[in-house]
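# Results of the structural survey
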Amino acid sequence: MHRGTLGKSNRRAEQGLPLSTNSSVGKMTAQEVRLCGLLLREHFGEVVEKVGTHLLKGGAQNLRTIIHETGISLDLVKKSLCVLVQHGACVFRSGRKGAGSPAEYQTCCDRILRILRYPRYIYTSKTLYGDTGELIIEELLQRGHMTMSGTVKTVADRLTQNMEEGRSMDYSEVSSTFFRLVETHFLQRCPPLAGPEPKDSATPAAPAPPGTPATPVSTAPPTPESFPDCYKVPHVTLVGRGKRQLASEDGEDQRNAKKAKMDSQTHGDEGICWQVNFERFHLHFRDQAIISAVANKLDQTSSEIVRTMLRMSEVTTSPTATCTKPLSANEIFRSLPTSYNIPRPILDQYLTLLIDDPMEFVGKAGESGGGMYVVNMHRALANLARATLESVVQERFGSRSARIFRLLLRKRHLEQKQVEDFAMIPAKEAKDMLYTLLSQNLVQLQEIPKTPDYAPSRTFYLYTVNQLPTARMLLQNCYKTVANLVERRLFESKESKRLLEKSQRIEAILASLQASGAEPEQLTEVEEMITAPEKQQLDALRLHINKLDSAENQVDETIFLLESYINSTASTS
């Protein structure tokens, strides 16, 4: 018994799973903590990384404990916590001893991991709302949260800077895009802070009589959706146009003073900050993944029908629902884009085709209104996760191993002889492949004894695939892969730091000369400051970093699918 428990602990450690499920830190794994640390280092620096990873590993702690255990000065710890709180990666609350005890800080692992998806959020907003939407999302991601007036001014200035001379962006145009982002719930108000009560309050609470149990303190931070005005845009008095920055550096102090003076003006939204609603983006990504899968499996018209069903049920369906609200065929027909011009009988044929498809993306919920149809969210995510697992097995172990893996997924439990017969693979090869998959924890072996003594001659040995644990294991492997990619990219950038800084300085000089209308000879002379070998080295470095960035984004797509499937399974159970 003791040996079995020890072996299980070792296996969990090798897979990056938490060794203890009742730890105060939660179910965070070593791979998640490592990736969070790398992301914090890349975006906020080494001090914030040290404070953040310490809180991830140690759980909620007060300021004095953080300073004592990290060895960082009080000023730096305060600044690091401010950065984490500003970006929503840290929450604070009253101490566990109740009102009057020091505030405790706790970092949010999920929120830090969202940093990995920033490029996808920005690209999606550009696709849906153009350059203005892209810059609004980018500003809010970079700064954590901002007021509407501050965001509109900053975005208008950035857009004006890239326009032709004499043209500028009106604040009203940026404001309208901001309104649309809030209307579609891609932006939301920050919830009001529920911080600890100050110790020096003018009216201290009366002490409880002896023997009275302490009032439980709510440890959960307020969610934006629990705030009634979460998507209510205040009336903002903002009139004007974006302004260009001066090219000269001499007026830097003067510009900062002017900016501070402008920011001191009131616009009617003081104290009302906005942040990016990541969950809304995730619903959009989920819908796009389902639509893309239908298009690949069937055709473009089928995917457009599913897109219409998802768009119609956006408001009526809960984000955690296993399927959408039932929609009648008549409603779907009226809501289809006119450009497709699909006759009603053809629509009925497509809906029948979608229902009969083995992927079961669409199901039938009734016969009224020409038939009631739903999109099976959980079934769709399960099938997408299953396809991802099959793809991983095929890429790592070959097509024959993938055939065995698919067979076990379909048949659930098979003996080794049955696997050989069904997969039509020679006994020796099938045995080697099964043991390889078993050693990688992609396939499990289940013992079913005929007698209580577990004698091998009287025991059935069945191979099976448990999709959910396998998806969790693959998710940890993805976290490890992304962490390795980020670490490699940081190493490459550090090794060529001098060359990159030189290139940036020369680019800044060239931009300044071009803005001041310099002659071509001067520009050529500045460009020649970088030698030919340095140019080759820079090109190779940029190509390598671009490949690493692309690989990160691709792995993040897999992470998103697996996370969505695991969360959907947890909500259904």
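As annotated in an unreviewed UniProt entry, the chain carries the name DNA-directed RNA polymerase III subunit RPC3 and is attributed to Perca fluviatilis. Heading Subcellular location (unreviewed entry) of the UniProt record for the chain holds this comment: "Nucleus".

With that settled, consider unusual backbone geometry. Within the chain, arginine 412 stands out as a residue other than glycine whose phi angle is a positive 75°. With respect to the helices and strands, arginine 412 occurs in the loop between α16 (399-411) and α17 (416-423). Judged by relative accessible area, which is 56%, arginine 412 ranks as exposed. One non-glycine residue, asparagine 441, lies in positive phi territory at about 60°. What makes asparagine 441 partly exposed here is its relative accessible area of 26%.

Under the definition given, this model contains 28 salt bridges. In this structure, aspartate 357 engages lysine 297 in a salt bridge whose closest nitrogen and oxygen atoms are separated by 2.9 Å. Of this pair, aspartate 357 sits in the loop between α14 (344-356) and β8 (362-366) while lysine 297 sits in helix α11 (residues 278-297), and the two are 60 residues apart along the sequence. Note on aspartate 357: relative accessible area 10%, which makes it buried. Salt-bridge contacts for aspartate 549 lead to arginine 489; the nearest nitrogen and oxygen are separated by 3.1 Å. Here arginine 489 lies in helix α19 (residues 467-495) and aspartate 549 lies in helix α22 (residues 532-572), a separation of 60 residues in the sequence. When salt bridges that share partners are traced, they join Glu42, Arg489, Asp549 and Glu552 into one network.

The next point concerns the nonpolar core. Among the nonpolar cores identified, the biggest contains 94 residues, and Ile137, Leu187, Ile404 and Leu408 are the most heavily contacted of them. Tallying contributions element by element places α19 first for this core, with 10 residues. Leave out the neighbours within four places in its chain, and isoleucine 404 touches Val419, Ala423, Ile425, Ala430, Met433, Leu434 and Leu437. In this structure, Ala293, Ala329, Leu351 and Val375 belong to the second largest nonpolar core, which totals 25 residues.

So, about the packing of α11 against helix α12 (residues 300-312). Orientation of α11 relative to α12, taken along the N-to-C sense of each, is 155°, at an axis distance of 7 Å. With respect to their mutual orientation, α11 and α12 come out roughly antiparallel. Pair α11 / α12 crosses with right-handed handedness. Only Gln300, Ser302, Ser303, Val306, Arg307 and Leu310 of α12 make contact with α11, whose side of the interface consists of Asp287, Gln288, Ile290, Ile291, Val294 and Ala295. Considering only residue class, the contact of α11 with α12 consists of 6 nonpolar, 4 polar and 2 charged.

To characterise two packed helices, one gives the angle between the axes of the helices and the distance between these axes. Their axes nearest at 7 Å, the elements helix α15 (residues 377-397) and α16 cross at an angle of 150°. Looking at the two axes, α15 sits roughly antiparallel to α16. Seen from above, α15 lies across α16 with right-handed handedness. On the side of α15, the interface is formed by Arg386, Leu389, Glu390, Val393, Gln394 and Phe397, while α16 contributes Ser399, Ser401, Ala402, Phe405, Arg406, Leu409 and Arg410.

What follows covers the environment of glutamine 161. Its place among the elements puts glutamine 161 in helix α8 (residues 148-161). Relative accessible area serves as the criterion here: at 37%, glutamine 161 is assigned to the partly exposed category. Remark: the alpha-carbon pair of glutamine 161 and lysine 243, spanning 82 residues in sequence, is separated by 7.4 Å.

This part covers the pairing of strand β3 (residues 104-107). By the bridge criterion, 2 bridges tie strand β1 (residues 61-62) to β3 in an arrangement that is antiparallel. Each bridged residue has a counterpart across the sheet, and for asparagine 62 the counterpart in β3 is glutamate 104. Pairing of strand β2 (residues 90-93) with β3 involves 4 bridges; the strand directions are antiparallel. Directly across from cysteine 90, in β3, lies its bridge partner threonine 107.

Moving on, we get to the sheet that holds β3. If you trace the 3 strands from one edge of the open sheet to the other, you get β1-β3-β2, paired in antiparallel fashion. What marks the edges here is a single partner per strand, and that holds for β1 and β2. Where helix α5 (residues 74-86) meets the sheet, its contacts fall on β2 and β3, and the angle it forms with β2 comes to roughly 105°.

For leucine 389, the location among the structural elements is in helix α15. Its relative accessible area of 2% is what places leucine 389 among the buried residues. Residues leucine 389 and glutamine 467, 78 residues apart in the sequence, show an inter-C-alpha distance of 8.4 Å.

On to the sheet that holds strand β7 (residues 327-328), then. Strands sit in the order β7-β9-β8 across an open sheet of 3 strands; the sheet is antiparallel. A single partner strand is all that each edge strand has here, and the edge strands are β7 and β8. Relative to strand β9 (residues 372-375), β7 runs antiparallel, the two being bridged by 2 bridges. Bridge pairing in β9 links serine 328 to methionine 372. α12 rests against β7, β8 and β9 of the sheet, and its axis sits at about 90° to β9.

Here is what the cut-offs are and how they apply
Residues numbered from 1 in each chain as written. Predicted model: local features only at pLDDT ≥ 70, side-chain atom pairs only at ≥ 80, totals over all residues. Heavy atoms only, no water. UniProt positions renumbered as here; feature names shortened; annotations may be inferred. Helix = DSSP H or I, 4+ residues; strand = E, 2+ residues; numbered from the N terminus. Buried < 20%, exposed > 50% of the residue type's maximum accessible area, 1.4 Å probe, protein only. Salt bridge = Lys/Arg side-chain N within 4 Å of Asp/Glu carboxyl O. Core = buried A, V, L, I, M, F, W, Y, C linked by side-chain atoms within 4.5 Å. Contact = heavy atoms within 4.5 Å. Axes fitted to C-alpha atoms, helices over the stretch in contact; angles between N-to-C directions. Parallel < 35°, antiparallel > 145°, perpendicular 65-115°, else oblique. Left-handed = near helix turned anticlockwise from the far one by under 90°. Nonpolar A, V, L, I, M, F, W, Y, C, P; charged D, E, K, R; others polar. Pairing = 2+ DSSP bridges.

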